[in-house]
Amino acid sequence: MKNFNADGRHQHPTLPQRLELERRGFLRLLGLGASVTAIASFTGCSFFGPREAVVTVGQVDFRNPLRIPPVAQPVRRDGQIVFDLAMQAGTTPLVAAGDTDTWGINGSILGPTLRAGRGDHVLVNVRNELGEATTLHWHGMHLPAIADGGPHQMIAPGAEQASSWKVDQPAATLWYHPHPHGQTEKHVYRGLGGMFIVDDDDEAALDLPHAYGVDDVPIIVQDKTFDASGQFLETERYDTGMLGDTILVNGTIAPVFEITTERTRLRLLNASTARSYGFGFSDGREFMMIASDGGLLAAPIRLTRIQLTPGERAEIILDAAAGETVALRSYPQALGLSDRQALDSGADDELDILLFRVAAELGASSEIPVRLAEIEPLEVAAVAATRQFDLQSFQINGQLMDMNRIDTVVTVDTTEIWEVRNGHGTPHNFHIHDVQFQVVDIDGRRPAAELAGWKDTVYLPPQATLRLIMRFGKHSDPAVPYMYHCHMLWHEDVGMMGQFVVVEPGRDIAPLDGSHHG
Ligand code: C2O
Ligand code: CU
Ligand code: CU
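Note that the structure is predicted; figures quoted are calculated from it, not measured. (Residues numbered from 1 in each chain as written. Chains lettered and ligands numbered in written order. Predicted model: local features only at pLDDT ≥ 70, side-chain atom pairs only at ≥ 80, totals over all residues. Heavy atoms only, no water.)

J.: Quick question: what am I supposed to make of the packing of aromatic side chains here?
T.: Working definition: an aromatic ring pair is given by the centre-to-centre distance plus the angle between the planes. Under the criterion given, the structure shown has 23 aromatic pairs. Residues Phe 83 and Phe 196 carry aromatic rings whose centres are separated by 6.4 Å and whose planes lie at 65 degrees to one another, so their mutual orientation is edge-to-face. Here the residue Phe 83 occupies a position in strand S3 (residues 80-95), and Phe 196 occupies one in strand S10 (residues 194-199), the gap between them amounting to 113 residues. Neither Phe 83 nor Phe 196 differs from the other in exposure class; each is buried. What links up through ring pairs into an aromatic cluster is the set Phe 389, Trp 418, Phe 430, Phe 472, Tyr 482, Tyr 484 and Phe 500. Geometry around Phe 232 places Lys 224 over its ring, the cationic atom sitting 4.8 Å from the centre. (Phe/Tyr/Trp six-rings, centres within 6.5 Å; stacked < 30°, edge-to-face > 60°. Helix = DSSP H or I, 4+ residues; strand = E, 2+ residues; numbered from the N terminus. Buried < 20%, exposed > 50% of the residue type's maximum accessible area, 1.4 Å probe, protein only. Lys NZ or Arg CZ within 6 Å of the ring centre and 35° of its normal.)

And the structure:
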């Protein structure tokens, strides 16, 4: 089904060579003022020919118990809850061809699930045992810029970094992953990442499924390609980046999960570097969506499909009948693309993800409440600034990411509207650090119900303009920026990222990294 085989890679340049070629080709094209189509065509097709759809539906031999990442047990010290994390290289048995070299946190692949309550003071010690510099970023978390784990908070090999903040946001499924500029795709692909669950009293009072690993289950979905010796193949990049033909859930290949209760809460996290998923169940059944990136929706919604682009999360409730089996799959998605681009970005792929085997006797589950949360719409009338972000090729507002340039200065404790436009034929998405936003409209129309809650990452269909509204809460720092970027990690690495600082009223930005600017 693929248009290349495992051996075919030997004819191709190595990854670093290719990335360099691609970068150089890209910069040359920019210099020539190349058209969008010329840039799009070099990102894959001109090198490798058109891609073919990957279809694995009905072909995955589900056989391995779904691995449940352990919940990290923090120690309590001086009023803080303290997590000790070590980023390390290891090997993981995944395929028969051989153990795979992988990277993980406190283990060989992925990391523990961190859990903290609203109001908790968290301290995370991250030790880098990888042999190369990296960072650990807290995706979706409202925190001081210095604790954000972005590209300015590098952890040298052998070094340890401590970050602390007070958790101050609603219950949500957040996550963490490396963010070294230019290397994020590789570090995530090799296995670094994990879930961070925020709890609060309002959510606890709702009686939603809450037994971790039993009826409240992390589902971290990633696509990989294996080479003939069982190693992760850093494979061809098409428009959005690398698209694997093999799905891992929580680092488990061909996973099976045994359901033991009438209702199961699935915390879906798309931790893939490039692939978007159109999740649904093999019999087309409805499920309830209860939460988006930043926490619970106002009310549950009934869906048969949920689309998640890289970095996005959703919590859904699966109703099961005793004795049945049902598979979670990814179905072809309407990403608003041309036929060629749909193919090249994996939107036509149809994938088996995870099999649920339901026990003969099920524990009772409570009804899902009809109201879940209060979500006050942020007031459009009250915005302090409206800004435009135009995504074209690998640039935002005509510029590639520059670590020494602050692109945007925001005043602390104000509300802004960001008008984000994908002026490109290629799919992108948009993620903003530090805040959760609301989608005001998409090309002037109200967004679908799935997008009505708190979001930190959102899909940008080609040629669409999204208006996002957000409040920049209490953390300010004139010298340390947060990031906004496309979360297709190859795009981010190549430079589709910008930096903003949050400052006190009337303050200007302070010099970054010793260099002076605007
Ligand atoms: Cu999930 Cu800037 O990252
Ligand atoms: Cu982030
Ligand atoms: Cu992108």
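J.: Whenever I open this one, the coordination of the copper ion (ligand 3) confuses me. Can you help?
T.: Perfect tetrahedral coordination of a metal by four donors corresponds to 109.5 degrees between them, and perfect octahedral coordination by six donors corresponds to 90 or 180 degrees. Around the copper ion (ligand 3), the donor atoms from the protein are His 428 (ND1), Cys 486 (SG) and His 491 (ND1), and they sit 2.0 to 2.1 Å away. Each donor residue of the copper ion (ligand 3) lies on one chain, and together they are spaced H-x57-C-x4-H. Highlighted residues: His 428 in strand S27 (residues 428-432) and Cys 486 in the loop between strand S31 (477-485) and helix H7 (489-494), separated in sequence by 58 residues. For His 428, a relative accessible area of 0% corresponds to the buried category. Note on Cys 486: relative accessible area 0%, which makes it buried. (Donors = N, O, S within 2.8 Å, 3.2 Å for Na, K, Ca; no water.)

J.: I would appreciate a short explanation of the pattern of salt bridges in the present structure.
T.: A side chain with one charge may pair with a side chain of the opposite charge, provided their charged atoms come close. The final tally for this structure, using the stated rule, is 34 salt bridges. In this structure, Asp 223 engages Arg 275 in a salt bridge whose closest nitrogen and oxygen atoms are separated by 3.0 Å. Of this pair, Asp 223 sits in strand S11 (residues 216-224) while Arg 275 sits in the loop between strand S15 (263-270) and strand S16 (277-281), placing them 52 residues apart in sequence. Between Glu 315 and Arg 267 there is a salt bridge, with the nearest N and O atoms lying 3.3 Å from each other. Taken together, the residues span a long stretch of sequence, with Glu 315 in strand S20 (residues 313-319) and Arg 267 in strand S15 at a distance of 48 residues. (Salt bridge = Lys/Arg side-chain N within 4 Å of Asp/Glu carboxyl O.)

J.: What's the story with the coordination of the copper ion (ligand 2) in this structure? I'm lost.
T.: Here the copper ion (ligand 2) is held by the protein donor atoms His 137 (NE2) and His 431 (NE2), which lie 1.9 Å from it. Here His 137, found in strand S7 (residues 137-139), pairs with His 431, found in strand S27; they are 294 residues apart in sequence, far enough to count as distant. The class of His 137 is buried, set by a relative accessible area of 1%. With a relative accessible area of 0%, His 431 lands in the buried category.

J.: How should the sheet that holds strand S22 (residues 351-363) be read in this particular structure?
T.: One key point about sheets: their strands pair by backbone hydrogen bonds, in either a parallel or an antiparallel sense. As summarised here, the arrangement of the 6 strands in space is S1-S14-S22-S21-S16-S19, forming an open sheet in which the pairing is mixed. Where the open sheet ends on each side, the last strands, each with one partner, are strand S1 (64-65) and strand S19 (306-308). Strand direction decides the pairing type here: strand S14 (residues 255-261) and S22, joined by 5 bridges, are parallel. Its bridge partner lying in S22, Thr 261 is registered against Gly 363. (Pairing = 2+ DSSP bridges.)

J.: So what exactly am I meant to see when it comes to the confidence of the model for the protein here?
T.: If pLDDT is low for a region, its predicted coordinates should not be looked at in detail. When the pLDDT values of the protein are averaged, the result is 90; 89% of them are 70 or greater. Between residues 1-47, whose pLDDT stays under 50, and residues either more than four places distant or in other chains, the model counts 75 contacts. (pLDDT = per-residue confidence, 0-100. Contact = heavy atoms within 4.5 Å.)

J.: Would you take a moment to explain the environment of His 121 for this structure?
T.: Mapping His 121 onto the fold places it in strand S6 (residues 121-128). Residues His 121 and Ile 81, 40 residues apart in the sequence, show an inter-C-alpha distance of 6.2 Å.

J.: Quick question: what am I supposed to make of the nonpolar core here?
T.: For soluble globular proteins, the rule of thumb is that nonpolar side chains tend to be buried together. Within the largest apolar cluster, 32 residues are counted, with the highest numbers of intra-cluster contacts made by Ile 219, Ile 353 and Phe 356. If you tally residues by element for this core, the top one is S22, at 5 residues. Not counting the four nearest positions on each side in its chain, Ile 219 is found in contact with Leu 66, Met 195, Val 249, Asn 250, Leu 266, Arg 267, Leu 268, Leu 269, Leu 328 and Leu 354. Counting residues in hydrophobic clusters, the runner-up holds 30 residues, among them Leu 391, Ile 432, Phe 472 and Val 480. (Core = buried A, V, L, I, M, F, W, Y, C linked by side-chain atoms within 4.5 Å.)

J.: I'm lost on the sheet that holds strand S18 (residues 295-303) in this one. Help?
T.: One open sheet accounts for 7 strands, arranged S13-S12-S11-S15-S20-S17-S18; its pairing is mixed. Pairing within the sheet leaves two strands with one partner each, and these edge strands are strand S13 (252-253) and S18. With 7 bridges connecting them, S15 and S20 associate as antiparallel partners. Note that in S20 the partner of Leu 269 across the bridge is Arg 313.

J.: I keep staring at the pairing of strand S25 (residues 408-411) and nothing clicks. Help me out?
T.: Taken residue by residue, a regular strand's side chains alternate between the two faces of the sheet. Of the two faces of S25, the one lined by Thr 408 and Val 410 is fully buried and the one lined by Val 409 and Thr 411 carries no buried residue. In this structure, S25 lies alongside strand S32 (residues 497-503), joined through 4 bridges in parallel fashion. The residue bridging Thr 411 from the neighbouring strand is Val 503, located in S32.

J.: Sorry if this is basic, but what is going on with unusual backbone geometry here?
T.: Where the residue is not glycine, phi is negative for most of them; where a peptide bond is considered, it is trans in most cases. Positive phi, normally seen in glycine, also occurs at Leu 110, with a value near 55 degrees. By secondary structure assignment, the location of Leu 110 is in the loop between strand S4 (98-105) and strand S5 (114-117).

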